[in-house]
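Spelled out, the chains give:
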Amino acid sequence: MKASLATLVFFAFTSFLFSCQISVKTDDGNSVPTGNTKIRNGIELNASGLKVEQAYLTFDDNSLVPEDNKTTTNKNVKLHLMISGWKQENEMVFPGASEKIQTSNGDIFLDEPDLFNTYDPTGVKPDDAKYITLSAVIKSVDKLYDYFLVSFRIWDKKGTGEIKGSYKLYL
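Residues numbered from 1 in each chain as written. Predicted model: local features only at pLDDT ≥ 70, side-chain atom pairs only at ≥ 80, totals over all residues. Heavy atoms only, no water.

A.B. asks: Describe the packing of aromatic side chains, naming the residues involved and giving the relevant values.
C.D. replies: Going through the model one piece at a time under the given rule, you end up with six aromatic pairs. Plain terms: the ring middles of Phe 109 and Phe 148 are 5.4 Å apart, the flat faces sit at 50° to each other, and that makes the pair tilted. In this pair, Phe 109 is assigned in strand E9 (residues 108-112) and Phe 148 in strand E11 (residues 148-156), connecting sequence segments 39 residues apart. Note on Phe 152 and Tyr 167: the rings are 6.4 Å apart at their centroids and 45° apart in plane angle, and the pair reads as tilted. Remark: Tyr 167 occurs in strand E12 (residues 162-169) and Phe 152 occurs in strand E11; sequence separation between them is 15 residues. Take Tyr 167: its relative accessible area is 2%, and that puts it in the buried class. These aromatic residues form a ring-pair network of at least three members: Phe 109, Tyr 145 and Phe 148. Between Lys 75 and the ring centre of Phe 59, over which it is positioned, the NZ or CZ distance is 4.2 Å. (Phe/Tyr/Trp six-rings, centres within 6.5 Å; stacked < 30°, edge-to-face > 60°. Helix = DSSP H or I, 4+ residues; strand = E, 2+ residues; numbered from the N terminus. Buried < 20%, exposed > 50% of the residue type's maximum accessible area, 1.4 Å probe, protein only. Lys NZ or Arg CZ within 6 Å of the ring centre and 35° of its normal.)

Dropping the structure here:
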């Protein structure tokens, strides 16, 4: 992290979620009908092998982040993903998650390659892996940026499934 730009605190954990709305792209880049898929907040997704049923942003109080993705410093923003299609091994699944946060001019604040590596030896229960939440807090800024780009990747460590996505936050 670059202290001269801003301080970001990042948390990753599993959590339960609610619902929202839009579409998702398949691994060949084509949009598919939404059906039960609900995506909001301009979250862009490409999925292969795993299915994203819902994706949206909330604040700590579980209120929805507005569609324009405006937030303030020191306000926790949570990305909620509802995912199915994990490969099970001994009744457990092994999710991986990475996240990169950079400014509109390309400065990198955070680049975490594997947020769930502590679960590698044991895995997690399939019901817990269905709800993935990744959080970010912009603590302070020393200048204004057009936006913060949050890119993430969720993958199945025992299978071939993968989700790549991104969204923008504005102060």
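Having put the structure on the table, let's press on.
A.B. asks: So what's going on with unusual backbone geometry? Residues and values would help.
C.D. replies: Located in the positive-phi region is Asn 41, a residue other than glycine, with phi close to 65°. Along the chain, Asn 41 turns up in the loop between strand E4 (38-39) and strand E5 (44-48).

A.B. asks: For the pattern of salt bridges, give the residues involved together with the corresponding values.
C.D. replies: Two side chains carrying opposite charge are able to pair once their charged atoms lie near each other. Here the structure, examined in full by the defined rule, presents six salt bridges. Measuring nitrogen to oxygen at the nearest pair gives 2.6 Å for the salt bridge that ties Arg 40 to Glu 67. Here Glu 67 lies in the loop between strand E6 (51-59) and strand E7 (77-84) and Arg 40 lies in the loop between E4 and E5, a separation of 27 residues in the sequence. The exposure class assigned to Glu 67 is partly exposed, which follows from its relative accessible area of 46%. Where Asp 114 meets Lys 157, a salt bridge forms, and the shortest distance between an N and an O atom there is 2.7 Å. (Salt bridge = Lys/Arg side-chain N within 4 Å of Asp/Glu carboxyl O.)

A.B. asks: Help me get a handle on the side chain of Thr 133, residues and values and all.
C.D. replies: Tracing the backbone through its elements, the reader meets Thr 133 in strand E10 (residues 131-141). With relative accessibility at 0%, the residue Thr 133 sits in the buried group.

A.B. asks: Residues and numbers for the pairing of E6, please.
C.D. replies: Of all nine residues making up E6, eight are buried, and the element is well covered by its neighbours. Inspection of the sheet shows E4 paired to E6 by two bridges, in the parallel sense. For Lys 38, the partnering residue across the bridge sits in E6 and is Gln 54. Across eight bridges, E6 lies against E7 in antiparallel orientation. The residue bridging Thr 58 from the neighbouring strand is Lys 78, located in E7. (Pairing = 2+ DSSP bridges.)

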